[in-house]
Amino acid sequence: MTDRRAALTETFMQALRDRTPQEDEFHQAVEEVVYDTITVEKNDPAFARARVLDRLSEPDRVVAFRVVWEDDTGAIQINRAWRVQTSNAIGPYKGGLRFHPTVNPSVLKFLGFEQVFKNALTGLPLGGGKGGSDFDPKGRSDAEIMRFCHALMAELCKYIGPDHDVPAGDINVGTREIGYLFGAYKQHRGQFHGALTGKGPSFGGSAMRVEATGYGLVYFAGHMLAQQNREKDGLRVAVSGAGNVATHAAEEALAQGAKVVSLSDSGGALVAEEGMSQDHINWVRQAKASGQGLDDAPDGLRYNAGAQPWGAVEAELLLPCATQNELDRDALQDAIDAGAKMIAEGANMPLTGGAVKLAQQKGLVHAPGKASNAGGVAISGLEMSQNAHGQYLSAETVRSRLKDIMGNIHQTVLAEADPRNGVPDYRQGANIAGYRKVAQAISAFGAI
Ligand code: NDP
């Protein structure tokens, strides 16, 4: 069985690599899903005939465009931007926008592909997509960021809409950027409707959207811990990143009695042997919001310039919340030597292929982002329905819906997760459960 699976996967991947050369991140994301689902597809005549995996690994379309804007000196700046619309099999395209110099079609195709499965797991009618630009907001003024967002939306507005494609935020795209983007969308289209999520509360945003990914991650990790009969109280948790997902995950882990022993950014890691306080987390947020590094750390935090948090401090649960491939095999070995037993991904695809294999060999309990970080898109889904009905839910109600959704995702994934080295294979469970839902829709549509 495994040999057949490996052979089928290799044939599939060779064809993909041949037609999409140099798209390493995309290949990495597809290979993981194909390995877990290709025999499910081959063993189901309707799925096999529909060639679901072949169809999903070719986005419905990729829109590429130029963004021209003026910087504060009056000089013309030119960036590249894309919207990848991967699949609308079960609902409108849905996925964030990322602004980072590393953004390229491979990164966005991997993110759009993962989003299809993640969105299916939420139980909401959401297809998958992703977009963004190679624009680097570091060191840019607020006025420059506004002009860039307005220029980007002047083109993007032609390809999105509430029943068609609904972007949200991602790395370097938060409430401020969504405000600028929504203002431009409204201006160009002359319509006020929910074509973006993550909006401010005064113009259609949902309560708890900002917190949803990080808090949802901690709710999911809580179910993993309960499944392993482990306690949250006093659990040592290493978090990477210092942005939206990382700081909200740290805040909720702290609120639930865990000890948060690290945060980090692209410049280095902050370590707290005795655990961080809410004041420490607030300081990190403040430092990042004002464009500073994390080096001038207050008492109780140690800053390691150029370092990652993995292995720098004892921790049982790892929450990688920065970016793709941030945790490689050597770093994971260091973390295991420092006590790591479980991983719940806040970022998308934060582990390299080598780290995933090591986690499996060592019997770590490991949840993939498409399950454990789905809380953000789930609340975006609720934002869409609140916009459509013009009725808004309280923070308490949204929080309770978020808890229910994360619990349901955990159950759905666990039901398809075979044991591997004595622990449930959450990765396989998420891939198969997401695949089945999308495959049923695609195979119902016929050859289209
Ligand atoms: P933010 O922009 O708020 O924060 C990103 C953080 O990651 C920053 O601290 C940044 O450091 C750090 N980072 C980025 N690139 C690197 C790198 N190459 N090496 C080390 N650190 C890096 O983004 P989010 O918190 O929104 O997103 C984080 C991850 O979570 C991403 O993978 C995203 O796709 C995923 N995600 C986000 C969701 C959301 O709702 N926002 C939903 C689901 C997943 P620095 O400031 O120094 O650049």
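Residues numbered from 1 in each chain as written. Predicted model: local features only at pLDDT ≥ 70, side-chain atom pairs only at ≥ 80, totals over all residues. Heavy atoms only, no water.

The next point concerns the pairing of strand E3 (residues 93-99). Burial analysis of E3 places seven of its seven residues in the buried class, the great majority of the element. As paired elements, E3 and strand E4 (residues 128-133) share three bridges and run parallel to each other. Looking at the pairing, Phe99 lines up with Ser133 of E4. In this fold, E3 hands off to helix H5 (residues 105-121), which returns the chain to E4; that crossover is right-handed. (Buried < 20%, exposed > 50% of the residue type's maximum accessible area, 1.4 Å probe, protein only. Helix = DSSP H or I, 4+ residues; strand = E, 2+ residues; numbered from the N terminus. Pairing = 2+ DSSP bridges. Right-handed = clockwise from strand over helix to strand, strands pointing away.)

The subject of this paragraph is the layout of surface pockets. Within this model, the second largest pocket holds a volume of roughly 470 Å³. Taken together, 18 residues line the second largest pocket, and the ones lying closest to its centre are Glu31, Glu32, Gly353, Val356 and Lys357. Of all elements in the fold, only helix H2 (24-42), helix H12 (353-361) and helix H16 (426-445) reach the threshold of two or more residues within the lining of the second largest pocket. Sort the elements by how many residues they give to the lining of the second largest pocket and H2 lands first, with five residues. Taken domain by domain, the lining of the second largest pocket gets at least three of its residues from each of domain 1 (1-58 + 424-448) and domain 3 (211-367). (1 Å grid on protein atoms, 1.4 Å probe; cavity = no way out; pocket = protein on both sides within 12 Å on 5 of 7 lines; lining within 4 Å. Points joined across faces, edges and corners; volume = space filled by probe spheres on them. Domains from an automatic or database assignment.)

A few words now on the sheet that holds strand E12 (residues 365-367). Strand order in the open sheet made by the seven strands is E9-E8-E7-E6-E10-E11-E12, with mixed pairing throughout. Where the open sheet ends on each side, the last strands, each with one partner, are strand E9 (302-305) and E12. Adjacent strand axes in the sheet meet at a mean angle of 15°, parallel and antiparallel pairs treated alike. Alignment of strand E10 (residues 317-320) against strand E11 (residues 342-344), held across two bridges, turns out to be parallel. (Axes fitted to C-alpha atoms, helices over the stretch in contact; angles between N-to-C directions.)

The phi dihedral of Met349 is positive, around 50°, even though this residue is not glycine. Topologically, Met349 is positioned in the loop between E11 and H12.

Scanning the model with the defined rule gives 11 aromatic pairs in all. On the basis of an interplanar angle of 85° and a centroid distance of 5.2 Å, the ring pair of Phe182 and Phe192 is categorised as edge-to-face. Of this pair, Phe182 sits in helix H7 (residues 175-189) while Phe192 sits in the loop between H7 and helix H8 (209-227), and the two are 10 residues apart along the sequence. By the ring-pair criterion, three or more aromatic residues cluster together here, those being Trp69, Phe99, Phe135 and Phe148. Note that Arg5 overlies the ring of Tyr35, its terminal NZ or CZ placed 4.1 Å from the centroid. In this structure, Lys199 packs its charged tip against the face of Phe182, placed 5.8 Å from the ring centre. (Phe/Tyr/Trp six-rings, centres within 6.5 Å; stacked < 30°, edge-to-face > 60°. Lys NZ or Arg CZ within 6 Å of the ring centre and 35° of its normal.)

This part covers the side chain of Arg427. Here Arg427 is to be found in helix H16. Taking relative accessible area as the criterion, Arg427 reaches 5% and is therefore assigned buried. At a separation of 3.3 Å, a polar atom in the side chain of Arg427 contacts the side chain of His366. Once residues lying within four places of it in the same chain are set aside, the contact partners of Arg427 are Glu32, Asp36, Glu345, Val356, Gln360, His366 and Pro368. (Polar contact = N/O pair within 3.5 Å; in protein donor to acceptor, adjacent residues only side chain to side chain. Contact = heavy atoms within 4.5 Å.)

Turning next to empty space enclosed by the protein. Here the structure, examined in full by the defined rule, presents three cavities of 30 Å³ or more. Empty space within the largest cavity amounts to approximately 110 Å³. Surrounding the largest cavity, Ala359, Gln360, Gly363, Leu364, His366, Arg420, Asn421, Val423, Pro424, Asp425, Tyr426 and Arg427 form its lining. Listed by contribution, the elements that provide at least two residues to the lining of the largest cavity are H12, strand E14 (423-424) and H16.

Looking now at the sheet that holds strand E1 (residues 61-70). Each strand in a sheet pairs with its neighbour through backbone hydrogen bonds, running either in the same direction (parallel) or in the opposite one (antiparallel). The sheet built from five strands is open, its strands ordered E1-E2-E4-E3-E5 with mixed pairing. Of all strands in the sheet, those bounded by a partner on one side alone are E1 and strand E5 (165-168). Along the sheet, successive strands turn relative to each other by an average axial angle of 20°, direction set aside. In the packing of H5 onto the sheet, contacts are made with strand E2 (76-87), E3 and E4, and the angle to E4 comes to roughly 150°.

This part covers a negative patch on the surface. On the surface, a cluster of negative charge is made up of Asp328, Asp330, Asp334 and Asp337. With respect to the secondary-structure elements, Asp330 resides in helix H11 (residues 329-337). By relative accessible area, Asp330 is classed as exposed at 57%. (Patch = residues over 30% accessible without salt bridge, like charges linked within 9 Å, V, L, I, M, F, W, Y side chains within 5 Å. Areas by Shrake-Rupley, 256 points an atom, 1.4 Å probe, with all protein chains shown as cover. Salt bridge = Lys/Arg side-chain N within 4 Å of Asp/Glu carboxyl O. Lys, Arg positive; Asp, Glu negative; His and termini not counted. Charge placed at Lys NZ, Arg CZ, Asp CG, Glu CD.)

Moving on: the domain arrangement of the chain. Domain boundaries in the chain define domain 1 (1-58 + 424-448), domain 2 (61-193) and domain 3 (211-367). Taken together, the 22 residues of domain 1 in the interface contact 16 residues of domain 2. Counting each side, the surface lost to burial between domain 1 and domain 2 is near 1,600 Å², with a carbon and sulfur contribution of 74%. The interface formed by domain 1 and domain 2 holds one salt bridge in total. (Buried area = accessible area lost by both parts, 1.4 Å probe.)

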